Amino acid sequence: MADGGYVPDDLAVNRLQMVAHCDEAQARFLLEAARGNMDLALQMAIENSDAYGEHGAQAEHGIPQHAGAQLYPQIPVGQPGVGGGTAFDGGLLPPRPRAPMMSRGVVGSGGGAAVAATGGAAAAGTALVAPLSLLSFFLRVPLLALGFGFRMMRFTVINGVHAAAIVGDRVLPARVMRAARSVAAVIAAGTGVGREEPDPTGQATNFVAAFKAAYGDRHPRWQESGWRVACQQARREFKFLFVYLHSPEHEDTDVFCRTVLTCPDVVDYINANFVSWGGDVTASDAFVLSQQTQMAATRFPYVALLSMAPADNRVQLVASASGPSIEDPQLLLTLLRGAVANFGALLAVQRADIEEREHARRLVEEQDAEYEASLAADRRREAERAEERRRQEEEEQRRAEEERRAREAAAAEAARLADAAAAVERRRQGARAALLPEAPAGSEGSAAIRLRLPDGTNIARCFPKGATLQAVFDFVDSLDATSYTRYHLAASYPRRVFLRAAHGPASLQELQLIPQAALFVQPDE
């Protein structure tokens, strides 16, 4: 055996033979020298092949071999050797183990080994290392996927069990839940569930479940969180954190839990005055806490009161006790009451500090609220003023628009009246120019027409023989009292209406208006 009695197995020997192209004796020697390290054995095989080539070249050229003292210079005894080791006694660094020379050629006719200096074996070994590593990686991929799936399934099952335990604590009797937790603990111990340590919250939950299963439901209200989170909870409630470090292997642990931690007086006092946290020192979270310098947890069972400074979140040890000093419920109560009496001022200081900061915060918030309210009132008043200005501007614009329209309407009406008056005046002048001379009263064929104007004025005129109704319209048009542009004539009995366009060309005789007639002038406007 080459190294410390290590015997390689046949599978490793066969594998090295296949990779390095050597016989069984050489492979076994290399594995013994490398103590089973396949990569190191393969490297030694390759180096041995190179050394063989150099040895053959020296023999052919007549180069003498150096002595061991020349190849391995002396190193002082006790000094570090190659690779971080220590020099051997005698002052010489021993040579690296070498395997027997690998066969490089074919056995000759004389029975000697014909050496052929080729590098085929070394090249083949080097070329096979990368494919084997890649093959190993691909073979590990399914195993990694299966491991990930198993961890996901385990996570789902454990969280489902925890959720069921929480619901069961609320709806099922305590006796049933204790029995269920005991069965779950036995199953977990038998199947290996839970070997991978959970986070601090999971560790606290496991401790609470185990404590309930072993000692019942009468116990301090343990926080199901890490001890740092429990410290912050105690600070928010202005209370000390009661810490119990549980050592399941200690001989006094069981008695302490049954007689002290489940004592009604102790439980009531702790629940009324402290935030409670317990942890198993075999778990990392509780173990880290026990190793804090200020804790000095050297004996068990161990209890302590902790306080967290409000300014920098530093944890301060208020009081601690362990071992026989708390083996009786009254001793623990005396310790806790004394600590509260002596160090309760810390809580008062913390409360005062936090209340002062809270008061300052509320004052700032009130000032900010008042400032915001003042700004809002100013913005509201400004908006109201802007709205009032807008309404006034709109009202002024409306009035200006109405006045403009009234002026335009008045101007249009005045223009219309002026045009109408001008038209009436033109018509009057034309009618006077076309007016027939008045016939003597009672002359043959004349027509005495009496006209009644709209204002009640009566006017009479005698028209000559053969005159048409247009002559009557011309006479009416020539009157100064006629200021309307359109009108018609009407006879009362029998009721007849005479229009300029329809009846103007007809003679008065045809219209039966001779020798006399009475007509009414009726405007059409």
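Residues numbered from 1 in each chain as written. Predicted model: local features only at pLDDT ≥ 70, side-chain atom pairs only at ≥ 80, totals over all residues. Heavy atoms only, no water.

Going by the annotation in an unreviewed UniProt entry, the name recorded for the chain is UBX domain-containing protein, with Volvox reticuliferus given as the source organism.

Looking now at helix α8 (residues 227–236). Turning to α8, its buried residues are Trp-227, Ala-230, Cys-231, Ala-234 and Arg-235. Projected down its long axis, α8 carries its buried residues within an arc of 140°, all on one side. One or two steps after α8, the chain reaches Phe-238, where phi turns positive at roughly 55°. (Buried < 20%, exposed > 50% of the residue type's maximum accessible area, 1.4 Å probe, protein only. Helix = DSSP H or I, 4+ residues; strand = E, 2+ residues; numbered from the N terminus. Arc of directions from axis to C-beta.)

For the rest of this paragraph, the subject is unusual backbone geometry. The linkage connecting Phe-300 with the following residue, Pro-301, adopts the cis geometry, with an omega of -5°. Topologically, Pro-301 is positioned in the loop between α11 (284–290) and β3 (302–308). Here Ile-514 and Pro-515 are connected by a cis peptide whose omega angle stands at 10°. When you line up the elements, Pro-515 lands in the loop between α14 (500–503) and β9 (516–523). Unlike most non-glycine residues, Phe-238 shows phi in positive territory, near 55°. With respect to the helices and strands, Phe-238 occurs in the loop between α8 and β1 (240–246). The class for Phe-238 is buried, based on a relative accessible area of 17%.

Take the pairing of strand β2 (residues 274–280) next. Burial within β2 is extensive, with 6 of its 7 residues counted as buried. As paired elements, β1 and β2 share 7 bridges and run parallel to each other. Paired with Leu-245 across the strands is Gly-279, a residue of β2. (Pairing = 2+ DSSP bridges.)

On to empty space enclosed by the protein. Going through the model one piece at a time under the given rule, you end up with 5 cavities of 30 Å³ or more. By volume, the largest cavity amounts to about 60 Å³. Lining the largest cavity we find Gly-445, Ala-447, Pro-464, Lys-465, Gly-466, Ala-467, Ser-507, Leu-508, Gln-509 and Ile-514. Residues of the lining of the largest cavity, tallied by class, amount to 5 nonpolar, 4 polar and 1 charged. (1 Å grid on protein atoms, 1.4 Å probe; cavity = no way out; pocket = protein on both sides within 12 Å on 5 of 7 lines; lining within 4 Å. Points joined across faces, edges and corners; volume = space filled by probe spheres on them. Nonpolar A, V, L, I, M, F, W, Y, C, P; charged D, E, K, R; others polar.)

What follows is about the environment of Thr-482. Within the secondary structure layout, Thr-482 lies in the loop between α13 (469–478) and β7 (487–491). Spatially, the C-alpha atom of Thr-482 lies 8.1 Å from that of Val-424, the residues being 58 residues apart in sequence.

Okay, the sheet that holds strand β4 (residues 315–322) next. Taken together, 4 strands build an open sheet; the order of strands is β2-β1-β3-β4 and the sheet is mixed. Here the strands that pair on one side only, and so sit at the sheet edges, are β2 and β4. Pairwise comparison of adjacent strand axes, ignoring direction, gives a mean angle of 25° for this sheet. Here 5 bridges tie β1 to β3, and the two strands are oriented antiparallel to one another. Paired with Phe-242 across the bridge in β3 is Leu-305. (Axes fitted to C-alpha atoms, helices over the stretch in contact; angles between N-to-C directions.)

What follows concerns the sheet that holds β7. Sheets are built from strands paired through backbone hydrogen bonds, the pairs being either parallel or antiparallel. Here 5 strands make up an open sheet; going across it, the order is β6-β5-β9-β7-β8 and the pairing mixed. Both edges of this open sheet fall to β6 (458–463) and β8 (496–498), since each of them pairs with a single strand only. For this sheet, the mean inter-axis angle between neighbouring strands, taken without regard to orientation, is 30°. In this fold α13 packs onto β5 (447–452), β6, β7, β8 and β9, with an angle of close to 120° to the strand it touches most, β7. (Contact = heavy atoms within 4.5 Å.)

Our next topic: the packing of helix α10 (residues 264–273) against helix α12 (residues 329–434). Two numbers describe how α10 lies on α12: the axes approach to 9 Å, and their chain directions differ by 20°. Classed by the angle they form, the pair α10 and α12 counts as roughly parallel. The element α10 and its partner α12 pack so that their crossing is left-handed. Note on element contacts: α12 touches α10 through Pro-329, Gln-330, Leu-332, Leu-333, Leu-336, Arg-337 and Val-340, opposite Asp-265, Val-266, Tyr-269 and Ile-270. Looking at the contact of α10 with α12 residue by residue, the classes come out as 8 nonpolar, 1 polar and 2 charged. (Parallel < 35°, antiparallel > 145°, perpendicular 65-115°, else oblique. Left-handed = near helix turned anticlockwise from the far one by under 90°.)

Under the criterion given, the structure shown has 29 salt bridges. As a salt-bridge pair, Arg-391 and Glu-388 come within 2.3 Å of each other at their nearest N and O atoms. Of this pair, Arg-391 and Glu-388 both sit in helix α12, 3 residues apart, which is roughly one turn of that helix. Given the relative accessible area of 42%, Arg-391 is considered partly exposed. (Salt bridge = Lys/Arg side-chain N within 4 Å of Asp/Glu carboxyl O.)

On to the nonpolar core. Judged by nonpolar contacts, the single largest core of 28 residues is most densely connected at Phe-242 and Tyr-244. Of all the secondary structure elements, the ones that give two or more residues to this core are α7 (200–215), β1, α9 (253–261), α10, β3, β4 and α12. At 5 residues, α12 tops the list of elements feeding residues into this core. Formed by 25 residues, the second largest nonpolar core is a distinct cluster that contains Leu-453, Phe-463, Tyr-484 and Ala-517. (Core = buried A, V, L, I, M, F, W, Y, C linked by side-chain atoms within 4.5 Å.)

This next bit is on the packing of aromatic side chains. One pass over the full model with this rule turns up 12 aromatic pairs. Centroid distance Phe-463 to Phe-475: 6.1 Å. Interplanar angle 85°. Geometry classified as edge-to-face. One end of the pair, Phe-463, is in strand β6; the other, Phe-475, is in helix α13, with 12 residues separating them in the sequence. The exposure class assigned to Phe-475 is buried, which follows from its relative accessible area of 7%. These aromatic residues form a ring-pair network of at least three members: Phe-207, Phe-211, Tyr-215, Trp-222, Tyr-244 and Phe-256. (Phe/Tyr/Trp six-rings, centres within 6.5 Å; stacked < 30°, edge-to-face > 60°.)

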